[in-house]
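# Commentary on secondary and tertiary structure
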Amino acid sequence: PSPIAREITRRALASGWFKEVKDVNGAQTQEPSSLILDNKAEAVLIAPKEGFEYALERGGPIQLLINAINAQRAQQVEAYVKQIIARVVEDRGANDSVGVIGLDYKVMFNHYMDTADFMVPALMVMATFLVMLVVCSMAITKEKETGTMEKLIASPCTVEEIMLGKTLPYFVIGLAIVGLVLFVGVAWFGIPFRGNLWLVGVNAALFALSALAVALIISTVVSTQQQAMMGSMLYLLPGILLSGVFFPVANIPPLFRWMC
């Protein structure tokens, strides 16, 4: 509760890039790092015990805790906070051109700001989705294009058995891709694995089923393999761009954010 703290808060909220976490300043007994561990905040700015005024006068360090699960987003948060503090220092008549005000960064969940920790799991999902969506939809459409689908329907097999026979191989291939990329990411890139393996398997199976469902819908609507490929790309590209891999979801316009 100091003028500088209020000024930093005002500038941060006015920039439009930050939202204030409610009932944080009143919880004096709560550890600042627990706000990030409990997923209540993405960044926590901590003044020295003497206050922000002491930091401006003596150059005391100001600590910034950042959630760096998304390394690119964490770098943006760091740059914004540094710029806001620099403007506050400048408005108060202090000269921080030589870096008098020390900003002590502590990055959580991704200490080295390594993009691979975020991109390798994303590539695992994209590769699985791409293979199952494109290949499965084209394989089923090929049966329609060559006229063998009628022969399959006329066979003693039921419709459920035909669909299961057409989708089960790609389901297995999709799970194999997830396992392969997960192994390479942990063994080669050193991605930390902190979750339950069975939970990853269950989510991968549900994801594979949803991808195969989309592939079946596309193969039902189109008539040729070229149409199946174009339909898959038409669905895949917006899905990747709106997934938050390349752009933070918070930066996507609300209308398109609901679409993803």
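Residues numbered from 1 in each chain as written. Predicted model: local features only at pLDDT ≥ 70, side-chain atom pairs only at ≥ 80, totals over all residues. Heavy atoms only, no water.

## Side note on the packing of aromatic side chains
What the rule picks out here adds up to four aromatic pairs. The interplanar angle of 15° and the centroid separation of 5.2 Å between the aromatic rings of Trp17 and Tyr80 together place this pair among those described as stacked. Within this pair, whereas Trp17 is found in the loop between helix 1 (3-15) and helix 2 (32-37), its partner Tyr80 is found in helix 4 (residues 71-91), the two being separated by 63 residues in sequence. Judged by relative accessible area, which is 26%, Tyr80 ranks as partly exposed. Connected via pairs of aromatic rings, a cluster forms that spans Trp17, Phe18 and Tyr80. (Phe/Tyr/Trp six-rings, centres within 6.5 Å; stacked < 30°, edge-to-face > 60°. Helix = DSSP H or I, 4+ residues; strand = E, 2+ residues; numbered from the N terminus. Buried < 20%, exposed > 50% of the residue type's maximum accessible area, 1.4 Å probe, protein only.)

## Here's the deal with the nonpolar core
Side chains that are nonpolar tend, in soluble globular proteins, to be buried together. Leu133, Cys136 and Leu212 are the most contacted members of the largest nonpolar core, which has 25 residues in total. Element by element, the count of residues in this core is highest for helix 5 (residues 116-146), at eleven residues. If sequence neighbours within four positions are ignored, Cys136 has contacts with Val131, Lys166, Thr167, Tyr170, Leu212 and Ala215. Formed by 17 residues, the second largest nonpolar core is a distinct cluster that contains Ile8, Phe52, Ile66 and Val107. (Core = buried A, V, L, I, M, F, W, Y, C linked by side-chain atoms within 4.5 Å. Contact = heavy atoms within 4.5 Å.)

## A word on the pattern of salt bridges
Enumeration over the complete set of coordinates arrives at four salt bridges. With a shortest N-O distance of 2.8 Å, Arg10 and Glu7 are connected by a salt bridge. Pair noted here: Arg10 and Glu7 are both in helix 1, with a separation of three residues, about one helical turn. For Arg10, a relative accessible area of 46% puts it in the partly exposed group. In this structure, Lys166 and Glu143 form a salt bridge, with 2.4 Å as the shortest nitrogen-oxygen distance. Residue Lys166 is located in helix 7 (residues 159-187), and its partner Glu143 is located in helix 5; the two are separated by 23 residues in the primary sequence. Exposure remark for Glu143: the relative accessible area of 16% places this residue in the buried category. (Salt bridge = Lys/Arg side-chain N within 4 Å of Asp/Glu carboxyl O.)

## A look at the packing of helix 1 against helix 4
Contact geometry of helix 1 with helix 4 gives a least axis separation of 10 Å together with a crossing angle of 130°. The angle between helix 1 and helix 4 places the two elements in the oblique class. Every pair of crossing elements has a handedness; the one defined by helix 1 and helix 4 is right-handed. The residues of helix 4 that touch helix 1, namely those facing Ile4, Glu7, Ile8, Arg11 and Ala12, are Ile84, Ile85, Arg87, Val88 and Asp91. (Axes fitted to C-alpha atoms, helices over the stretch in contact; angles between N-to-C directions. Parallel < 35°, antiparallel > 145°, perpendicular 65-115°, else oblique. Left-handed = near helix turned anticlockwise from the far one by under 90°.)

## Some words on helix 8 (residues 197-221)
Under the 1.5 Å per step criterion, the end-to-end length of helix 8 is 37 Å for 25 residues, consistent within 8% with the ideal 36 Å. In this structure, the buried residues of helix 8 make contact with helix 5, helix 7 and helix 9 (225-241). (Expected span 1.5 Å × (residues − 1).)

## Remarks on the pairing of strand 2 (residues 62-67)
Within strand 2, five of the six residues are buried, which leaves it mostly tucked inside the rest of the structure. Strand direction decides the pairing type here: strand 1 (residues 43-46) and strand 2, joined by four bridges, are antiparallel. Bridge pairing in strand 2 links Ala43 to Ile66. (Pairing = 2+ DSSP bridges.)

## A few points about the side chain of Ser137
Locating Ser137 in the fold gives a position in helix 5. Ser137 sits in the buried class, given a relative accessible area of 0%. A distance of 3.1 Å separates the side chain of Ser137 from the side chain of Ser232, its partner in a polar contact. With sequence-adjacent residues up to four places away left out, Ser137 is seen in contact with Met132, Ala215, Ile218, Ser219, Ala228 and Ser232. (Polar contact = N/O pair within 3.5 Å; in protein donor to acceptor, adjacent residues only side chain to side chain.)

## Re a nonpolar patch on the surface
Together, Leu180, Phe183, Val184, Trp188 and Phe189 make up a nonpolar patch on the protein surface, roughly 610 Å² of accessible area in all. Structurally, Leu180 can be placed in helix 7. By relative accessible area, which is 54% here, Leu180 ends up exposed. (Patch = residues over 30% accessible without salt bridge, like charges linked within 9 Å, V, L, I, M, F, W, Y side chains within 5 Å. Areas by Shrake-Rupley, 256 points an atom, 1.4 Å probe, with all protein chains shown as cover.)

## Quick word on the packing of helix 5 against helix 8
In contact at an axis separation of 8 Å, helix 5 and helix 8 are set at 35° when each is read in the N-to-C sense. Remark: the crossing between helix 5 and helix 8 carries right-handed chirality. Residue-level contacts link Val125, Thr128, Phe129, Met132, Leu133, Cys136, Ser137, Ile140, Thr141 and Lys144 of helix 5 to Phe207, Ala208, Ala211, Leu212, Val214, Ala215, Leu216, Ile218, Ser219 and Thr220 of helix 8. Its residues assigned to classes, the contact of helix 5 with helix 8 comprises 14 nonpolar, five polar and one charged. (Nonpolar A, V, L, I, M, F, W, Y, C, P; charged D, E, K, R; others polar.)

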